[in-house]
Amino acid sequence: MEKLLSPIKAQAFLIMSLFVTFSAFSQEKQLSNALNKASKTSFDVRFYPEKEMFPNTWYSSPINAETTALEDSNEQQRSIRILEKAAALYPAWLLEKTLDKVYVLSSLSFYGVGYGGTYSYSKRSIWIVNKGIRRGYDEAFLSRLFHAEFSSILLEEYKNLFDIVNFEKAHNPAYSYGKGGVDALKTQKSSEAYNEEINAAGFLNMYGMSDSENDLNSFAKRLFYPDDEFWEVVEKHPYLQSKLKFVIDFYHAIDPVFTLEYFKSIH
């Protein structure tokens with residue numbers, strides 16, 4: 001996003017209900033704050049929806065933002081460990097400058113469609129979904145969500161450093177970008193699996209074809225959390241090699257630590 005872009009019969013009973021609600025909310029906030037203090041990240045990690053955490057326009061039609069809290073304390077702790085590891089791949093100054101909060105929630109919905117993650121540049125925030133490791137939300141999945149959304153924040157912050165004009169041309173001209181991430185989700189064109197035809201055309205996956213921002217996101221996911229096939233797939237296809245160079249040049253312009261050698265050292 002930003003590229004889009006979680007009958008009361010008696011007065012006494014009402015008061016009791018409100019007291020229980022506020023007490024539960026207070027306990028949730030205390031737990032969330034306690035976990036946050038244990039985090040070694042420069043940004044806050046939150047697990048409960050907060051008032052006005054989204055830009056105002058996201059709450060109304062057609063976006064209709066909806067979220068639900070991540071209440072499992074084991075998953076909260078696991079999420080923090082994953083985010084700490086992911087954050088350690090970036091210079092501290094960069095995180096402090098561009099990111100204030102990361103919300104890890106059990107669901108996100110926009111435009112009536114379930115999302116895995118999103119971001120707001122104006123709020124300096126990222127939202128990612130964790131439905132539990134038993135449902136496939138493992139370290140790789142959650143880390144890649146974080147890196148993808150953070151790459152969008154960096155694109156907003158440093159758009160003058162990214163050669164997007166030539167990046168958008170660095171694929172087979174017979175293929176074109178789609179109508180964005182929302183459309184890709186609604187039309188079930190959001191696969192992130194490698195595909196020989198798509199890779200040869202200059203895209204890492206189907207979702208990367210939805211628009212140039214998601215194209216960049218797809219590279220960020222694998223650069224900062226590579227899988228066994230990533231480098232082999234890129235080195236096999238000239239269009240992907242060209243795009244990868246634009247992406248690494250972008251990160252290198254932000255901070256010299258980001259080099260091809262640096263990314264190849266990540267395991």
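Below is a short write-up of the structure.

Here we come to helix α8 (residues 212-224). Its 13 residues give α8 an end-to-end C-alpha distance of 19 Å, which sits within 8% of 18 Å, the value for a rise of 1.5 Å per residue. Its side-chain oxygen 3.2 Å from the backbone nitrogen of E213, D211 forms the N-cap of α8.

Our focus in this paragraph is the sheet that holds strand β5 (residues 113-114). Strand pairing in a sheet is mediated by backbone hydrogen bonds. Such pairs are either parallel or antiparallel. Taken together, the three strands give an open sheet; going across it, the order is β2-β4-β5, and neighbouring strands pair in antiparallel fashion. With partners counted over all chains shown, the strands left at the sheet margins are β2 (66-68) and β5, one partner each. By the bridge criterion, three bridges tie β2 to strand β4 (residues 107-110) in an arrangement that is antiparallel. Bridged to T68 within β4 is S107.

Here we come to the pairing of strand β3 (residues 101-105). Buried residues dominate β3, accounting for four of its five residues. Pairing of strand β1 (residues 44-46) with β3 involves three bridges; the strand directions are parallel. From the neighbouring strand, R46 faces β3, where its bridge partner is Y103. As paired elements, β3 and strand β7 (residues 125-129) share five bridges and run parallel to each other. Paired with K101 across the bridge in β7 is S125.

Moving on, we get to the packing of aromatic side chains. Here the structure, examined in full by the defined rule, presents 29 aromatic pairs. Between the aromatic rings of Y90 and F258, the centroid separation amounts to 6.2 Å while the plane-to-plane angle is 65°, which identifies the pairing as edge-to-face. Within this pair, whereas Y90 is found in the loop between α2 (73-87) and α3 (92-98), its partner F258 is found in the loop between α10 (238-254) and α11 (260-264), the two being separated by 168 residues in sequence. Like Y90, the residue F258 is buried in the burial classification. Measuring from ring centre to ring centre gives 5.8 Å for F258 and F263, while their planes differ by 10°; the resulting arrangement is stacked. F263 carries the same exposure label as F258, and that label is buried. Over the face of the ring belonging to F167 we find K243, whose NZ or CZ atom lies 5.4 Å from the ring centre.

Conventions we followed
- Residues numbered from 1 in each chain as written.
- Predicted model: local features only at pLDDT ≥ 70, side-chain atom pairs only at ≥ 80, totals over all residues.
- Heavy atoms only, no water.
- Helix = DSSP H or I, 4+ residues; strand = E, 2+ residues; numbered from the N terminus.
- Expected span 1.5 Å × (residues − 1).
- Polar contact = N/O pair within 3.5 Å; in protein donor to acceptor, adjacent residues only side chain to side chain.
- Pairing = 2+ DSSP bridges.
- Buried < 20%, exposed > 50% of the residue type's maximum accessible area, 1.4 Å probe, protein only.
- Phe/Tyr/Trp six-rings, centres within 6.5 Å; stacked < 30°, edge-to-face > 60°.
- Lys NZ or Arg CZ within 6 Å of the ring centre and 35° of its normal.

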